[in-house]
2 protein chains.
Amino acid sequence: MEALKQRIHEFITLKPQEWEQFSALVRVETIKARTYLTKAGMLASDIYFVKEGLLRLFHLENGKEVSTYFACDNQFMSAYSSIVTHKPSLEYVEAIEESEVYAINFHQLRKLYDSSHNLERIGRIFAESNYLCIVERSLIMQTKTAREKYLDFLQNNAPKIIQRVPQHQIASYLGMTPESLSRIRKELAVV
Amino acid sequence: MEALKQRIHEFITLKPQEWEQFSALVRVETIKARTYLTKAGMLASDIYFVKEGLLRLFHLENGKEVSTYFACDNQFMSAYSSIVTHKPSLEYVEAIEESEVYAINFHQLRKLYDSSHNLERIGRIFAESNYLCIVERSLIMQTKTAREKYLDFLQNNAPKIIQRVPQHQIASYLGMTPESLSRIRKELAVV
């Protein structure tokens, strides 16, 4: 669990006892490719930290999958709205490839907030970074051209995501058709 | 400052000393109609709690104003991304009508996080509720019809916002032209 500990310690230094409380909530899970960690309609309760693998978050719009986030090694992923509201998820978390994840039960973590200021701080930092992530995506979607969106995607995602997420999923993430994405990729290749 | 205290106490009960620390960060400001509390390019640092009045949050897309949030009496408002990232705001906070607000300096509040678990909790709850607010708007914008969007707006906003925000600003909030909004309003009036 060293990678998770290290990631947490980038935000905050937990006391040994706090790390013990936190790590007691963590389960290691192996998820086969093309299977779901969360489905729409489920009450989501876990935040995932990808030890190794590739996950995506998506929802359905008129029956079509719209990807909204990808995560690979050492990144977090969750159907966060459902976790915070305790309402059924509108989103799916799917493993694109076989993945090994640390699943952290967020409701149990919340119960620990009363006993540890530092653990509550993790919750605050997590909420703030999720907010920024969705605002950034939303502004990019609203204000950039298709080509700018793709360049931004290349700049702000890990190579594993850029190289191994299927093109039609990247296209839906960028709000364009696979044909448009293919055209932009060709244009950029010849620049 | 009783209304603000009451609103905070809906989330969390502060000890007298914590309320004293918190309220020391609050300034009372009167803002004239059609003036800005935050402008794009500024580093935003204050969260506003509307004592009385009407505020809106908007940004520019290709030179056009897109409203993304309205707040009236006893509601919070801020250019939250800029506050959290310490980067220049992409958003404007404007008073639609003359307003009296409590301005809370969020950077000073953050400095108090170390000394008070409860004040950090306010930060966590604030971040979570801002996240949910933007996710909800984003899902509505992506999945509902124009008519459903307007009905949802009527259901989830205070009467003061529904009655006193100019129609073209409501239209931009709903991602439609003022003409479409006018048509939907007429259709609903005859149902």
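Computed from a predicted structure; not experimentally measured. Each chain carries its own residue numbering, running from 1 in the written order of its sequence. All chains are assigned letters beginning with A, and all ligands numbers beginning with 1, in the order in which they are written. Reporting in this predicted model follows two pLDDT cut-offs: at least 70 for local features of residues, and 80 or more for side-chain atom pairs to be given and counted; totals over whole chains, interfaces and linings ignore these cut-offs and use all residues. Only hydrogens and water are set aside; all other atoms, that is, all heavy atoms of the structure, feed into the side-chain values.

S.K.: Describe the relation of the copies chain A and chain B, with residues and values.
M.R.: Turning one copy of the chain about an axis and sliding it along that axis gives the other copy, so a rotation and a shift relate them. What sets the superposition is a least-squares fit of C-alpha atoms, and only residues with pLDDT of at least 70 in both copies go into it. Once chain A is rotated about the relating axis by 180° and shifted along it by 0.0 Å, it coincides with chain B to within an RMSD of 0.0 Å. In symmetry terms, the pair is related by a two-fold rotation axis. No C-alpha of chain A approaches the rotation axis more nearly than that of Arg124(A), which lies at 2.0 Å. By residue overlap, the copies meet face to face through one surface: 100% of the interface positions of chain A are interface positions in chain B. Two residues qualify as a contact provided that any one of their heavy atoms is within 4.5 Å of a heavy atom in the partner residue.

S.K.: Got a sec to walk through the nonpolar core? Specific residues and values, please.
M.R.: Buried Ala, Val, Leu, Ile, Met, Phe, Trp, Tyr and Cys residues form a nonpolar core when they are joined through side-chain atoms within 4.5 Å. Burial classes follow relative accessibility: with a 1.4 Å probe on protein chains only, a residue under 20% of its type's maximum area counts as buried, one over 50% as exposed, and anything between as partly exposed. Core analysis: the largest hydrophobic core is formed by 85 residues, its most contacted members being Leu4(A), Phe22(A), Leu4(B) and Phe22(B). Helix numbers and strand numbers start at the N terminus; a helix is a DSSP run of H or I with at least 4 residues, a strand a run of E with at least 2. In terms of residue count, the dominant contributor to this core is helix H5 (residues 117-143) of chain B (nine residues). Beyond its immediate sequence surroundings of up to four residues, Leu4(A) is in contact with Trp19(A), Phe22(A), Val26(A), Phe49(A), Phe76(A), Tyr102(A) and Ile104(A). One finds Phe70(B), Phe153(B), Val165(B) and Leu181(B) within the second-largest nonpolar core, a separate group that totals 16 residues.

S.K.: Let's hear about the environment of Arg124(B): which residues, and what values?
M.R.: Note that Arg124(B) resides in helix H5. Between the C-alpha atoms of Arg124(B) and Ala189(B), which are 65 residues apart in sequence, the distance is 42 Å. Contact partners of Arg124(B), with chain neighbours within four places excluded, come to Arg110(A), Tyr113(A), Glu120(A), Gly123(A), Arg124(A) and Ala127(A). A 3.5 Å cut-off defines polar contacts: any pair of N or O atoms within that distance qualifies, except that in protein one atom must be a possible hydrogen donor and the other a possible acceptor, and neighbouring residues in sequence count only when both atoms are side-chain atoms. Side-chain polar atoms of Arg124(B) contact the side chain of Glu120(A), separated by 2.9 Å.

S.K.: Would you mind going over helix H4 (residues 106-113) of chain A in detail, with residue names and values included?
M.R.: Considered for burial, the residues of H4(A) that qualify are Phe106(A), Leu109(A), Leu112(A) and Tyr113(A). Along the axis of H4(A), the buried positions cluster into a sector of 115°, meaning they face one direction only. Along its buried surface, H4(A) packs onto helix H2 (16-23), strand S3 (46-52), helix H3 (80-85), strand S8 (99-105) and helix H5 (117-143) of chain A together with H5 of chain B. Of the residues that open H4(A), the one with a side-chain oxygen 3.0 Å from the backbone nitrogen of His107(A) is Asn105(A). Summarising the geometry, the arc corresponds to the directions from the helix axis toward the C-beta atoms.

S.K.: Talk me through H5(B); I want residue IDs and the actual numbers.
M.R.: Residues and elements named next belong to chain B. With 27 residues, H5 should reach 39 Å at 1.5 Å per residue; the first-to-last C-alpha distance of 39 Å fits that figure. Counting buried positions over the 27 residues of H5 gives 20, a clear majority of the element. Its side-chain oxygen at 3.3 Å from the backbone nitrogen of asparagine 118, serine 116 defines the N-terminal cap of H5. What a helix should span is 1.5 Å times the count of its residues minus one.

S.K.: Can you break down the pattern of salt bridges residue by residue, with the values?
M.R.: By definition, a salt bridge exists where a carboxyl oxygen of Asp or Glu is found within 4 Å of a side-chain nitrogen of Lys or Arg. Following the criterion strictly, the structure yields 32 salt bridges over all chains and no others. Two residues, Lys160(B) and Asp73(B), come together in a salt bridge whose shortest N-O distance is 2.7 Å. Here Lys160(B), found in helix H7 (residues 159-164), pairs with Asp73(B), found in the loop between strand S5 (64-72) and strand S6 (76-77); they are 87 residues apart in sequence, far enough to count as distant. When its relative accessible area of 29% is taken as the criterion, Asp73(B) is described as partly exposed. When salt bridges with common partners are traced through the structure, they connect Arg110(A), Asp114(A), Glu120(A), Arg121(B), Arg124(B) and Glu128(B) into a single cluster.

S.K.: An account of the side chain of Ser81(A) is needed here, citing residue identities and associated values.
M.R.: Tracing the sequence through the fold places Ser81(A) in helix H3. Under the relative-accessibility criterion, Ser81(A) is labelled buried at 13%. Beyond its immediate stretch of four places on either side in the chain, Ser81(A) contacts Glu91(A), Tyr131(B), Leu132(B) and Val135(B).

S.K.: Outline the interface of chain A and chain B, listing residues and values.
M.R.: The parts lose accessible area when they come together, and the size of an interface is often stated as this lost area. Taken residue by residue, the interface counts 26 residues in chain A and 27 residues in chain B. Summing both partners gives a buried area of about 2,700 Å² for chain A against chain B, and 60% of it is carried by carbon and sulfur. Counting across the chain A and chain B interface gives eight salt bridges. Here chain A is connected to chain B by twelve residue pairs in polar contact (both at pLDDT 80 or more). Of all the elements in the fold, those that place two or more residues in the side of chain A that touches chain B are strand S4 (54-61), H3, H4 and H5 of chain A. Per-element accounting of the side of chain A that touches chain B gives the leading share, 15 residues, to H5(A). Summed over both partners, the accessible surface that disappears when two parts come together, traced with a 1.4 Å probe, is what is meant by buried area.

S.K.: Explain the sheet that holds strand S7 (residues 92-95) of chain A to me, using residue names and the numbers behind them.
M.R.: Residues and elements named next belong to chain A. A strand pair is defined by DSSP finding two or more bridges across the two strands. On the basis of which strands lie adjacent, the open sheet formed by four strands has the order S2-S7-S4-S5 and antiparallel pairing. Both outer strands of the open sheet, strand S2 (36-38) and strand S5 (64-72), are each paired with one neighbouring strand and no more. Taking each pair of neighbouring strands and ignoring which way they run, the sheet shows an average axis angle of 30°. Between N-to-C directions, angles cover 0 to 180 degrees, with each direction set by a line fitted to C-alpha atoms, over the stretch in contact for helices.

S.K.: Describe the sheet that holds strand S7 (residues 92-95) of chain B, naming the residues involved and giving the relevant values.
M.R.: All names here are of chain B. With antiparallel pairing, the four strands of this open sheet are ordered in space as S2-S7-S4-S5. This sheet does not close on itself; its edge strands, each paired only once, are strand S2 (36-38) and S5. If you compare each strand with its neighbour and ignore which way they point, the axes differ by 30° on average. Where strand S4 (residues 54-61) lies against S7, four bridges are found, and the strand directions are antiparallel. Across the sheet, residue leucine 55 finds its bridge partner in S7, namely alanine 95.

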